[in-house]
Amino acid sequence: MGILLWLVTFIGMEGMAWLTHKYIMHGFMWRWHQSHHVHHNNPVEKNDLFSVVFGISSTLTIIAGAEIPELWPLFYIGLGIATYGIFYFIFHDIIVHRRIKIKYKATSRYMKRIMKAHYVHHEVHTKEGAQAFGFLYAPKKFQ
């Protein structure tokens, strides 16, 4: 049951990330996210605070699930959130934005599609008008 909770949470996080990105980051929290849509040479940006918030949420969920027997499902839910965060960091920060310099060239159709969708998202530098709000899934129109 725990593995199923972890997997469902990990998969469901893409929907949560899409909603958060579209309606919160490009909504009332634009002041944090805007730093990610402008060119700069800083190693960190205000947008990184979202990772801190999600990391704290995941950590507290894991701790609550581990320490309070009645809340054991929260442990696996927190692990699912953390796993999504790891995948997000690798894809978004390392592969797409090259915040850690690596040699990587997308060869699979999947990677090319999600990378293209993210680049399309960054063609807009304003709060409104962006598209492609997902991170690990992109519709086929971005092929």
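What you see is a predicted model; the values in this text were computed from it and never measured. Positions within a chain are numbered from 1, following the residues in the order the chain's sequence is written. It should be noted that, the model being predicted, local features are given only for residues of pLDDT at least 70 and side-chain atom pairs only at 80 or more, the latter also being counted only at that level, while totals for whole chains, interfaces and linings use all residues. Calculated side-chain values reflect all of the structure's heavy atoms, with hydrogen atoms and water omitted.

### As for the nonpolar core
Threshold: Only buried residues count toward a nonpolar core, which is a set of Ala, Val, Leu, Ile, Met, Phe, Trp, Tyr and Cys residues joined through side-chain atoms within 4.5 Å. The buried label goes to any residue with under 20% of its type's maximum accessible area, the exposed label to any with over 50%, and the partly exposed label to all in between, with areas taken from a 1.4 Å probe on protein chains only. Where helices and strands are cited, they refer to DSSP runs of H or I of at least four residues and of E of at least two residues respectively, numbered from the N terminus. Contacts are assigned to residue pairs with any non-hydrogen atoms lying within 4.5 Å of each other.
Counting 20 residues, the largest nonpolar core has Y84, F91, M111, M115, F135, L136 and F142 as its most contacted members. At the level of elements, α1 (2-28), α4 (72-96) and α5 (109-121) are the ones that each hand at least two residues to this core. Sort the elements by how many residues they give to this core and α4 lands first, with six residues. When near neighbours in sequence (up to four residues on either side) are disregarded, M115 contacts F91, I95, V96, Y104 and A106.

### Some details on the environment of I56
Within the fold, I56 resides in helix α3 (residues 49-67). For I56, a relative accessible area of 48% puts it in the partly exposed group. A C-alpha to C-alpha distance of 9.8 Å links I56 and A82, two positions 26 residues apart in sequence.

### A short note on the packing of α1 against α4
In plain terms, the rule: Axis geometry follows a simple rule: fit a line to the C-alpha atoms, using only the stretch in contact for helices, then measure angles between N-to-C directions, giving values from 0 to 180 degrees. An angle below 35 degrees is treated as roughly parallel, one above 145 as roughly antiparallel, one from 65 to 115 as roughly perpendicular, and anything else as oblique. For any helix crossing, the convention is left-handed if the near helix is rotated counterclockwise from the far helix by under a right angle, and right-handed if that rotation is clockwise.
It is the contact of α1 with α4, at a shortest axis distance of 7 Å, that shows an interaxial angle of 50°. With respect to α4, the axis of α1 lies oblique. Classified by chirality, the crossing of α4 by α1 is right-handed. Judged by residue contacts, G2, I3, L5, W6, T9, F10, M13, E14 and A17 of α1 engage W72, P73, Y76, I77, L79, G80, I81, T83, Y84 and F87 from α4.

Any link to function would need more than the numbers given here.
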